[in-house]
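Here is what each chain is made of, one letter per residue.
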Amino acid sequence: KHYINNKLDGVVRQYYPTGILAAQTNYKSGVKEGESMNYDSSGILKEHFIFTNDKLNGKFKTFHTGGKLREEGSYLNGVFSGDYASYHENGKMKSKSFFISGKIEGVSYEYFESGTLKGELIYVNGVQEGVTKWYYESGELLGEYPYTSSKIHGIVKEYYPSGKPKALKDYI
């Protein structure tokens, strides 16, 4: 560990009792500055973040056990911002969203492990609004669920895989 004026400065490495690298973080004048990485007990990268003046800033990635990409996104001055994506262990997309000032915004997509679309959810300023659509893995529409202030409100329409109506439910 490096200290300048009693403050951490430089790369700080932490190790597991086995001697394998557990974490590596850059410091400047006692605050996190630059890359920070965490590893599992076998030495495989688990997380990669970037800090600016002790705040998360820039792109980040996390990884499944074994090293495959789990999620990626970005921070702006410590706040979750921009595109976000998560992945199933098989490498296919699990979800895709967009964030503004830490709040989910617009259409968020969810996917089955096969990669086919599972759902479309609409957010306004972090609140679920509008009609959420869920799908069968075969691609047919399973249902439409109207949301107001993150609560189901209105007529829910559900369908059989054939496309024929299954149920109508009125939520007040």
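In the block above lies the structure referred to throughout.
A closer look at the overall build of the chain
Helix and strand counts for the chain come out as 0 helices and 21 strands. For 172 residues, the compact-globule estimate of 2.2 N^0.38 gives 16 Å, and the chain exceeds it by more than 25% at 21 Å. Along the first, second and third principal axes, the C-alpha atoms of the chain reach 70 × 30 × 20 Å. For the chain, with 172 residues in total, the buried portion stands at 32%.

Quick word on the pattern of salt bridges
By the definition in use, this model includes 1 salt bridge. In this structure, E158 engages K169 in a salt bridge whose closest nitrogen and oxygen atoms are separated by 3.2 Å. In this pair, E158 sits in strand β20 (residues 154-159) while K169 sits in strand β21 (residues 165-171), placing the two residues 11 residues apart along the sequence.

A short note on unusual backbone geometry
Even without being a glycine, N6 presents a positive backbone phi close to 65°. Assignment of secondary structure puts N6 in the loop between β1 (3-4) and β2 (7-8). Classification of N6 by relative accessible area gives exposed; the value is 75%. Phi is positive for S150, which is not a glycine, with a value near 65°. Mapped onto the secondary structure, S150 falls in the loop between β18 (141-148) and β19 (151-152). Taking relative accessible area as the criterion, S150 reaches 38% and is therefore assigned partly exposed.

Cut-offs applied
Throughout this document, residue positions are counted from 1 along each chain, in the order its sequence is written. Given that this is a predicted model, residues contribute local features only at a pLDDT of at least 70 and side-chain atom pairs are listed and counted only at 80 or more, while totals for whole chains, interfaces and linings are drawn from all residues. Water and hydrogen atoms were dropped before computing side-chain values, which therefore reflect all heavy atoms in the structure. Secondary structure is summarised from DSSP: a helix means a run of H or I of at least four residues, a strand means a run of E of at least two, and numbering begins at the N terminus for each. We compute the radius of gyration from the C-alpha atoms alone; for a globule the expected value is 2.2 Å times N to the 0.38, where N is the number of residues. Per-residue accessibility, obtained with a 1.4 Å probe over protein chains only, is compared with the maximum for each type, and a residue is labelled buried under 20%, exposed over 50%, and partly exposed between these values. Salt bridges, as used here, are contacts in which a Lys or Arg side-chain nitrogen is within 4 Å of a carboxyl oxygen on Asp or Glu.

On their own, these measurements won't tell you what the molecule is for.
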